[in-house]
Amino acid sequence: MIHSQLHQNTLELLLSFVLPYGCSFSVISDSTYRISCPDYEIANKVWENRFNCIFPLFKSGQVLEVVASNYYARSHPKI
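Criteria and thresholds
- Residue numbers restart at each chain and count upward from 1, following the sequence in its written direction.
- This being a predicted model, a pLDDT of at least 70 is required before a residue's local features are given, and a value of 80 or more before pairs of side-chain atoms are given or counted; all residues contribute to the totals for chains, interfaces and linings.
- The side-chain quantities take in all heavy atoms of the structure and omit both hydrogens and water.
- What counts as a helix is a DSSP run of H or I of at least four residues, what counts as a strand is a run of E of at least two, and both are numbered from the N terminus.
- Categorising residues by exposure relies on relative accessible area from a 1.4 Å probe, with only protein chains included: less than 20% of the type maximum marks a residue as buried, more than 50% marks it as exposed, and the intermediate range marks it as partly exposed.
- Counting rule applied: Lys, Arg positive; Asp, Glu negative; His and chain ends not counted.
- The term salt bridge refers to a side-chain nitrogen of Lys or Arg lying within 4 Å of a carboxyl oxygen of Asp or Glu.
- A 3.5 Å cut-off defines polar contacts: any pair of N or O atoms within that distance qualifies, except that in protein one atom must be a possible hydrogen donor and the other a possible acceptor, and neighbouring residues in sequence count only when both atoms are side-chain atoms.
- Any two residues whose heavy atoms approach within 4.5 Å are treated as being in contact.
- One bridge is not enough; two strands pair if DSSP finds at least two bridges between them.
- Helix axes are fitted only over the stretch in contact, all axes being lines through C-alpha atoms; the angle between N-to-C directions runs from 0 to 180 degrees.

A. Examining the side chain of Arg50 more closely. Position of Arg50 among the secondary structure elements: in helix 3 (residues 50–53). Buried charged residue Arg50 carries no salt bridge. Nearest counter-charge: Glu48, at 8.0 Å. At 2.6 Å, the side chain of Arg50 forms a polar contact with the backbone oxygen of Trp47. Among residues more than four places away in sequence, those in contact with Arg50 are Phe55, Pro56 and Leu64.

B. Quick look at the sheet that holds strand 4 (residues 71–74). Spatial ordering of the open sheet is given by 1-2-3-4, a layout of four strands whose pairing is mixed. Strands with a single pairing partner mark the edges of an open sheet, and in this sheet they are strand 1 (24–27) and strand 4. On average, each strand axis in the sheet is inclined to that of its neighbour by 20°, with strand direction left out of account. The sheet contact formed by strand 3 (residues 63–68) and strand 4 spans four bridges and is antiparallel. Each residue of the ladder has a partner; that of Val66, found in strand 4, is Ala73. Contacts from helix 2 (residues 40–48) reach strand 2 (32–36), strand 3 and strand 4 within the one sheet, and its direction differs from that of strand 3 by about 165°.

This is a description of form; function is not addressed.
Written out as structure tokens, the structure is:
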């Protein structure tokens, strides 16, 4: 699969393999995606691993938010 073929459904499927149990993926806008996690610890681990596991799946200009009840982080648009 080439990068230009990575559509939203494919992105959701691939992220389901790398996200920890209890985390969910949602689309906020055309270029903003949110991962919701059950607690601070898991959300922080997802955020720390974003460059290795999540950003390689993103296109230029896309943004990631990672949230939990007491956690919020937002990336700059991918270059």
